[in-house]
Amino acid sequence: GTIECAYEAGFCGFWIQRDLSNRGISCIVVNAADIPITNKQKNDKRDPVDSKRIASALEDGKLSPIYIPSTQLEADRRLVRLRKAITNDLTRSKNRIKSELHLMGIETPSKYNGWSKSFIVWLKELRIEHKAWKSTLEIAIYRMEELRAHLLNLNREVRNLMKENRYHKIGEQLMKISGVGVITTITALTEIGEIERFETFDRLNSYIGYCPTEHSSGESEHKGNITPRGNNQLRELLVEAAWIATRTDPAMALCYSNLTKRMTGKRAITRIARKILNRIYCVWKHNMEYQIGIN
């Protein structure tokens, strides 16, 4: 007989799909939010029920597969995502140290700006009365320094990744776009993978998640905030790139100024981020050289 399989994208990744495909068994991976579900099934959440629901939808042809990256691309993506995870861990570690200082009533001298080496030395030399509290702070500082070392190594790995032949040429062009740096570029390259799978910019825009939600009925039309579905890894970086572009690109600065006359700054910067995404798409899709000043 002919066997067809489907499963939800999740923690196990794509190795099951690849293994079954190598064995000649058709297998797709689907977004969990795209699997049809009834109200009764929502209230009866069990593996057997979920399996039957997926099988039924697959039999009826109601499932659309998601993109399966190559093992090389997936490995590169994991490295870039690990960098972001370590960055978030480092931020939490620093906040934990600040919290301990506040609890002990210790104020940071104004001469220290940021987490410089001199500031860390000052932290280590603090005289704390209670031994347990001193140990707590020392462990927190040790953890923070460890994460900084990991982040330094990851930054080096990411920059080396950008020099690989599969990313170097197009990466150089993307980094010419205002606001787009090394991290945004390598994240775009690893998260998007193959730009050819997006026939139009609207498809890429939908994948990233900059399209608005809509609740319309009859003559009533209402568009809300951007959709919660999207690629958060890249969407956040594009917003950061947009803020930089408004300070370095006159065209983007003018556009942002005009937008803020009729909407909030948060909505305006989202529009700027979408413009940057459009520039990335045009340069990458058409393999063109970016020129400063084009829209």
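No experiment lies behind these values; they were computed from the predicted model shown. (Residues numbered from 1 in each chain as written. Predicted model: local features only at pLDDT ≥ 70, side-chain atom pairs only at ≥ 80, totals over all residues. Heavy atoms only, no water.)

Asker: Explain the overall build of the chain here, please?
Answerer: Each helix and strand in the chain was counted, giving 12 helices and 4 strands. Taken over the C-alpha trace, the chain has a radius of gyration of 24 Å; the compact-globule value for 295 residues is 19 Å, which it surpasses by more than 25%. With respect to the principal axes defined by its C-alpha atoms, the chain has extents near 75 × 50 × 50 Å. Put simply, the chain has 295 residues, and 36% of those count as buried. Pairs at least 24 apart in sequence give 58% of the contacts found in the chain among residues at least 6 apart. For the chain, the accessible area works out to roughly 18600 Å², and carbon and sulfur atoms hold 50% of it. In the chain, which carries 47 positive and 34 negative side-chain charges, the distance between the mean positions of the two groups comes to 5 Å. (Helix = DSSP H or I, 4+ residues; strand = E, 2+ residues; numbered from the N terminus. Rg over C-alpha atoms; globule rule 2.2 N^0.38 Å. Buried < 20%, exposed > 50% of the residue type's maximum accessible area, 1.4 Å probe, protein only. Contact = heavy atoms within 4.5 Å. Areas by Shrake-Rupley, 256 points an atom, 1.4 Å probe, with all protein chains shown as cover. Lys, Arg positive; Asp, Glu negative; His and termini not counted. Charge placed at Lys NZ, Arg CZ, Asp CG, Glu CD.)

Asker: Looking at this model, I keep getting lost on the environment of Ile272. Mind explaining?
Answerer: By secondary structure assignment, the location of Ile272 is in helix α12 (residues 265-285). Since its relative accessible area comes to 0%, Ile272 is described here as buried. For Ile272 and Ala253, which are 19 residues apart along the polypeptide, the C-alpha to C-alpha distance reads 9.2 Å. With residues near it in sequence (within four places) discarded, Ile272 still touches Ala242, Thr246, Met252, Cys255, Tyr256 and Leu259.

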